[in-house]
Amino acid sequence: MDAYQPTLVLPEGPESIAEAARLIRQGLAVAVPTETVYGLAADATDGEAVARIYAAKGRPSFNPLIVHVGSLERAERIALFSDSARDLARRFWPGPLTLVLPLRADSGIASIVTAGLATIALRIPARPAMRDLLEAVGRPLAAPSANASGRLSPTRAEHVLAGLGGLIPLIVNGGPTEHGLESTIVALDRDEARLLRPGPIVDLGISLIPNLSPAIEAPGQLAGHYAPAKPLSLDAVERREGEWLIGFGSVEGDSTLSASGDPVEAAARLFDRLHEADASPAAAIAIAPVPEQGLGAAINDRLRRAAFRQGGE
Ligand code: TXA
Ligand code: MG
């Protein structure tokens, strides 16, 4: 686990934004204010950078993250916009509205960002600090709320420091956030628009199907969460007949999560390796054991859910 002693806290301004951009380009995650809550931002095209978000938050599982962009044109290079999606984007962006849309095959977004899903959550933030950072980095930024897993979303730099001090290199301090509440999330990936999370924008001017059932779309257990179509067996140390083996560390396979046994690299590659195995000619998938330490716990949580989903179907 990376350690930073101390975590730098710099006032919002051109210098702190330039420093944040420099750290993000190096593949690190830094905390910045948005108009809703503080976000923990990393380059959404770099799987290992995004894995560091999970490592810092101590998240026990992978949830799909929101990707922040600076323009609608950039957003349309990542997701497919229907007319109604474009209309909502034009009316509410920049602002606290997140749209869940079909992911483009050529998006360039790391698969750990969407946890392997075929949809992606996107928004253009309004807060100048975040917009300047997007401009300075020149890449889409994945950013969940900058709190330790299971804790309240931070609305001040002090909250971020209390939760993530020593675990991230930098917090840009822009004082309290304007809304103090996470963005409204609307899914437009099917025929009807579904409200996935209520938030600062209450009236979207369209009819929404409520979809707040925690069993269906609570973090980490989305109904559509990616699981391979083929049978998946865990803790494999050798390949059996007809299997595609995904290795880790000393267990070599048809592919590997990380030959050096690095959990950050393994997390960054997890969904790519599963998709690759699913698309291979082999009839079944086996995966090597991954130690529970650090991000290993989140990797194993995802693998157990994937194997269990199949067992239950
Ligand atoms: O205001 C906000 O939205 C803040 C700031 C930093 O932008 N971000 C935020 O991110 O709240 P996070 O990661 O804490 O919440 C993301 C939510 C999760 O509940 C996740 O399940 C949902 O968005 N989500 C992301 N991608 C999704 C997808 N493809 N389908 C359904 N839900 C998705
Ligand atoms: Mg959150």
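Remember, predicted model here, so these are calculated numbers, not experimental data.

Calculation rules
Residues numbered from 1 in each chain as written. Chains lettered and ligands numbered in written order. Predicted model: local features only at pLDDT ≥ 70, side-chain atom pairs only at ≥ 80, totals over all residues. Heavy atoms only, no water. Near = heavy atom within 4 Å. Polar contact = N/O pair within 3.5 Å; in protein donor to acceptor, adjacent residues only side chain to side chain. Areas by Shrake-Rupley, 256 points an atom, 1.4 Å probe, with all protein chains shown as cover. Helix = DSSP H or I, 4+ residues; strand = E, 2+ residues; numbered from the N terminus. Core = buried A, V, L, I, M, F, W, Y, C linked by side-chain atoms within 4.5 Å. Buried < 20%, exposed > 50% of the residue type's maximum accessible area, 1.4 Å probe, protein only. Contact = heavy atoms within 4.5 Å. Pairing = 2+ DSSP bridges. Axes fitted to C-alpha atoms, helices over the stretch in contact; angles between N-to-C directions. Salt bridge = Lys/Arg side-chain N within 4 Å of Asp/Glu carboxyl O. Parallel < 35°, antiparallel > 145°, perpendicular 65-115°, else oblique. Left-handed = near helix turned anticlockwise from the far one by under 90°. Nonpolar A, V, L, I, M, F, W, Y, C, P; charged D, E, K, R; others polar. Phe/Tyr/Trp six-rings, centres within 6.5 Å; stacked < 30°, edge-to-face > 60°.

Asker: Would you mind going over the site of ligand 1 with me for this structure?
Answerer: Not every one of the 23 residues close to ligand 1 is listed here, only the nearest: Thr 36, His 68, Thr 119, Ser 183 and Arg 197. Interatomic distance of 2.7 Å between a side-chain N/O atom of His 68 and an oxygen atom of ligand 1. One of the side-chain nitrogen or oxygen atoms of Ser 145 is found 3.3 Å away from an oxygen atom of ligand 1. Here ligand 1 has 680 Å² of accessible area as a free molecule, and 94% of this is covered by the chains. Listing elements by their share of the shell around ligand 1, those giving two or more residues are β4 (66–68), β6 (119–123) and β10 (194–197). The element best represented in the shell around ligand 1 is β6, accounting for four residues.

Asker: Help me out: how do you make sense of the nonpolar core in this one?
Answerer: Soluble, globular proteins show a tendency: their nonpolar side chains are buried together. In terms of nonpolar packing, the biggest core is built from 79 residues, with Phe 62, Phe 81, Leu 99 and Leu 122 touching the most fellow members. Once residues lying within four places of it in the same chain are set aside, the contact partners of Leu 122 are Val 67, Val 69, Ala 75, Ile 78, Ala 79, Phe 81, Trp 93, Leu 97, Thr 98, Leu 99 and Leu 101.

Asker: Where do I start with the sheet that holds strand β13 (residues 243–247) in this structure?
Answerer: The strands making up a sheet are joined through hydrogen bonds of the backbone, oriented either antiparallel or parallel. In spatial order, the strands read β12-β15-β13-β14; together these four strands make up an open sheet with parallel pairing. Looking along the sheet, the strands with just one partner apiece sit at the ends: β12 (232–233) and β14 (255–256). Inspection of the sheet shows β13 paired to β14 by two bridges, in the parallel sense. The residue bridging Gly 247 from the neighbouring strand is Thr 256, located in β14. Along the sheet, helix α8 (residues 263–279) contacts β12, β13, β14 and β15 (284–287); its crossing angle with β13, the most-contacted strand, is approximately 165°.

Asker: Sorry if this is basic, but what is going on with the pattern of salt bridges here?
Answerer: Once the charged atoms of two side chains with opposite charge are near each other, the side chains can pair. A full pass over the atoms with the stated rule returns 15 salt bridges. Between Arg 127 and Glu 12 there is a salt bridge, with the nearest N and O atoms lying 2.7 Å from each other. Residue Arg 127 is found in the loop between β6 and α5 (128–137), and its partner Glu 12 is found in the loop between β1 (8–11) and α1 (14–25); the two are separated by 115 residues along the sequence. Taking the shortest distance from any N to any O, the salt bridge between Arg 86 and Asp 83 comes out at 3.5 Å. Placement of both Arg 86 and Asp 83 in helix α4 (residues 83–92) is noted, with a separation of three residues, approximately one turn of the helix. With relative accessibility at 21%, the residue Arg 86 sits in the partly exposed group.

Asker: Just checking my understanding: could you explain unusual backbone geometry for this structure?
Answerer: Most peptide bonds take the trans form, and the phi angle of most residues other than glycine is negative. Cis geometry marks the peptide bond from Trp 93 to Pro 94; its omega dihedral reads -5°. Positive phi is not limited to glycine here, since Ala 115 has a value of about 50°. The topology assignment puts Ala 115 in the loop between β5 (97–102) and β6. Positive phi is not limited to glycine here, since Asp 235 has a value of about 55°.

Asker: Help me understand the packing of helix α2 (residues 47–57) against α8 in this model?
Answerer: When two helices pack together, their arrangement is given by the angle between their axes and by how far apart the axes lie. For the pair α2 and α8, interaxial distance at closest approach is 8 Å and the crossing angle is 110°. Considering the angle they form, α2 stands roughly perpendicular to α8. Considering how the two elements wind past one another, α2 and α8 form a crossing that is right-handed. Along its contact with α2, which presents Gly 47, Glu 48, Ala 51 and Arg 52, the element α8 presents Val 264, Glu 265, Ala 267 and Ala 268. Of the residues in the contact of α2 with α8, the class split is four nonpolar, one polar and three charged.

Asker: Could you clarify how one ought to interpret the packing of aromatic side chains in this entry?
Answerer: Within a pair of aromatic rings, the relevant descriptors are the distance that separates the centres and the angle that separates the planes. One pass over the structure, following the stated rule, counts three aromatic pairs. When the ring of Phe 62 is compared with that of Phe 271, the centres are 6.2 Å apart and the planes differ by 75°; the resulting orientation is edge-to-face. One end of the pair, Phe 62, is in the loop between α2 and β4; the other, Phe 271, is in helix α8, with 209 residues separating them in the sequence. Note on accessibility: Phe 62 and Phe 271 belong to one class, buried. Relative to Trp 93, the ring of Phe 81 lies with its centre 6.1 Å away and its plane at 80°, an arrangement referred to as edge-to-face. Of this pair, Phe 81 sits in the loop between α3 (72–76) and α4 while Trp 93 sits in the loop between α4 and β5; the two residues are 12 residues apart in sequence, bridging distant segments of the chain. Taken as a pair, Phe 81 and Trp 93 share a single burial class, namely buried.

Asker: Can you walk me through the packing of α1 against α5 in this structure?
Answerer: Contact geometry of α1 with α5 gives a least axis separation of 9 Å together with a crossing angle of 50°. As far as their axial angle goes, α5 and α1 are oblique. Seen along the crossing, α1 lies across α5 with a hand that is right-handed. In this structure, α1 contributes Ile 17, Ala 20, Ala 21, Ile 24 and Arg 25 to the contact, and α5 contributes Ala 129, Asp 132, Leu 133, Ala 136 and Val 137. Partitioning the contact of α1 with α5 into residue classes produces eight nonpolar, no polar and two charged.

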